Amino acid sequence: MLVGGQGTRLRPLTLTTPKPLLPVAGVPFLAHQFARLRDVGVTRIILATSYRADLFEEVFAGGDFDGVELIFVTEAEPMGTGGAIANAAAALESGPDDPVIVFNGDVLSGHDLGAQLAVHLTSGAEVTLHLVEVDDARRFGCVPTDSSGRVTDFLEKMPNPVANQINAGCYIFKTRVISTIPTARPVSVERETFPNLLQAGAHIQAYVETAYWLDLGTPATYVQGSSDLVTGAIASTALPGAPGQALVLDGAQVSSSAQLVDGSVVGTGAHIGDAAIIRSVIFDDAQVGSGVRLVDCLVGFGAVIGDSSQLERCVIGDGAVIPAGQVLSDSRLWNQDGVLTITSE
Ligand code: GTP
């Protein structure tokens, strides 16, 4: 599992916490990933860490998640997605033709891993990629396939994509293919390894399945994913409670007149006044005043939202103090050297 990226699109939250450890539906996002893998029989996960690697070992101390063995392999320098796979391969125990499943650590997916593995094994491919179909592929690189499901190209973002299939960030490799990835420099698996393999005539197979799929890499998709887990739109056995309109963790204090809806989350130690919190994630120890309205917001650890503020699609960094009466949308707010800094999208 690749978890070493800097998560720049989620700054300022990722300045302190790596993206895969940010709280999503009440637990670090990785806990949902681990639970899903445990539930389909995975017993050993290698985490390719880089950015803030020590925090992963702290949060999942002991290298065990409910019986799943966790192994941390850290790059000396960030090696990109391909370099991270090559580096982590040192901990593999598989034979040359055995399958190795690689996940992006920030994707929430309900696809059938067993079915992807079956396609990989029956097609005999070197690599099998999970692809999803999207209505508008212009924001993504697209991955066309032939009638047998074999990948024919990897195309960068374009105004008129030739296919609506995109790379969903879950790959099955034959172990020996991983040993062909260079280790001495950063490598992107998406931009370099896959196109080069194709050019060299390798068989890359597609597994197309459009079950629930979301890349939680942006503020909008993060709130969406967290909300979908809370409401049960996608199931997770790591959800700390029953699915519903909102998740309030033990130790939070919420005013009886507060309105918490659309899959909002209130973290441990947070205080919520008479506020309306709509599809937002309030991290531990944050404070939200009375008369506040939050829509699609992420409120960092220990942040304070002053009374009557109205915030929509805002990301508030850890410990930031927002004065009363602020009306803002599409902004990032954080504390820089004791000064509240605001940038608009
Ligand atoms: P952005 O900076 O917002 O694009 O996020 P990101 O750094 O996570 O990059 P991206 O979403 O493209 O990364 C896809 C997956 O690969 C994520 O799970 C990252 O944690 C992981 N990843 C990206 N670069 C590296 C790297 O150099 N080393 C390791 N170990 N993982 C990486």
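Residues numbered from 1 in each chain as written. Predicted model: local features only at pLDDT ≥ 70, side-chain atom pairs only at ≥ 80, totals over all residues. Heavy atoms only, no water.

Undergrad: In this structure, what is going on with the overall build of the chain? I would like to understand it.
TA: The helix and strand inventory of the chain stands at 8 helices and 28 strands. In summary, the chain has a C-alpha radius of gyration of 21 Å against a globular reference of 20 Å for 345 residues, a match within 12%. Out of the 345 residues belonging to the chain, those deemed buried represent 52%. Across the chain, every contact between residues at least 6 apart in sequence was considered, and the portion connecting residues at least 24 apart equals 52%. Within the structure as shown, the chain displays about 14,600 Å² of accessible surface, and the carbon and sulfur contribution to it stands at 50%. Treating the 19 positive side-chain charges of the chain as one cloud and the 38 negative ones as another, the clouds have centres 6 Å apart. (Helix = DSSP H or I, 4+ residues; strand = E, 2+ residues; numbered from the N terminus. Rg over C-alpha atoms; globule rule 2.2 N^0.38 Å. Buried < 20%, exposed > 50% of the residue type's maximum accessible area, 1.4 Å probe, protein only. Contact = heavy atoms within 4.5 Å. Areas by Shrake-Rupley, 256 points an atom, 1.4 Å probe, with all protein chains shown as cover. Lys, Arg positive; Asp, Glu negative; His and termini not counted. Charge placed at Lys NZ, Arg CZ, Asp CG, Glu CD.)

Undergrad: Which parts of the structure should I look at to understand the domain arrangement of the chain?
TA: How big an interface is tends to be reported as the loss of accessible area on association of its parts. The domain boundaries assigned to the chain delineate domain 1 (8–215) and domain 2 (245–344). The C-alpha-based centres of domain 1 and domain 2 are spaced at 32 Å. Carbon and sulfur atoms supply 72% of the area that domain 1 and domain 2 bury against each other, a total of about 920 Å² over both sides. By the criterion of area lost to domain 2, the three top residues of domain 1 are Pro12, Leu13 and Pro23, representing 53% of everything that side buries. On inspection of domain 1 and its partner domain 2, the count reaches 0 salt bridges. (Domains from an automatic or database assignment. Buried area = accessible area lost by both parts, 1.4 Å probe. Salt bridge = Lys/Arg side-chain N within 4 Å of Asp/Glu carboxyl O.)

Undergrad: Would you mind showing me how to read the packing of aromatic side chains here?
TA: To describe a pair of aromatic rings, you give the distance between the ring centres and the angle between the ring planes. Across all of its chains, the model carries 8 aromatic pairs by this definition. With centroids separated by 5.6 Å and ring planes inclined at 20 degrees, the aromatic side chains of Phe154 and Phe194 adopt a geometry described as stacked. Taken together, the residues span a long stretch of sequence, with Phe154 in the loop between β8 (127–133) and β9 (165–174) and Phe194 in helix α7 (residues 189–199) at a distance of 40 residues. Judged on exposure class, the residue Phe154 and its partner Phe194 are both buried. The rings of Phe154, Tyr171, Phe173 and Phe194 are connected pair by pair, giving a single aromatic cluster. (Phe/Tyr/Trp six-rings, centres within 6.5 Å; stacked < 30°, edge-to-face > 60°.)

Undergrad: Quick question: what am I supposed to make of the pairing of strand β27 (residues 331–336) here?
TA: When a strand is regular, its side chains alternate between the sheet's two faces. Of the pairings in the sheet, the one linking strand β24 (residues 315–316) to β27 comprises 2 bridges and is parallel in character. When the sheet's bridge partners are listed, Ile316 is paired in β27 with Leu333. Pairing of β27 with strand β28 (residues 339–344) involves 6 bridges; the strand directions are antiparallel. Counted as the bridge partner of Ser331 is Ser344 from β28. (Pairing = 2+ DSSP bridges.)

Undergrad: For this particular structure, what's the right way to read the nonpolar core?
TA: Buried together is how nonpolar side chains tend to be arranged in soluble globular proteins. If you look at the biggest cluster of nonpolar residues, it comprises 31 residues, and the most contacted ones within it are Val127, Phe173 and Phe194. What Phe194 contacts, discounting residues up to four positions off in sequence, is Val127, Leu129, Phe154, Asn167, Tyr171, Phe173, Val189 and Ile204. Listed in part, the 24 residues of the second largest apolar core include Val266, Ile277, Ile305 and Leu328. (Core = buried A, V, L, I, M, F, W, Y, C linked by side-chain atoms within 4.5 Å.)

Undergrad: What is the right way to look at the pattern of salt bridges in this model?
TA: When charged atoms on two side chains of opposite charge get close, those side chains can pair. One pass over the full model with this rule turns up 14 salt bridges. Between Arg44 and Glu93 there is a salt bridge whose closest N-O contact spans 3.4 Å. Placement of Arg44 in strand β3 (residues 44–49) and of Glu93 in the loop between α4 (80–88) and β6 (99–103) is noted, with a sequence separation of 49 residues between them. Owing to a relative accessible area of 65%, Glu93 belongs among the exposed residues under this scheme.

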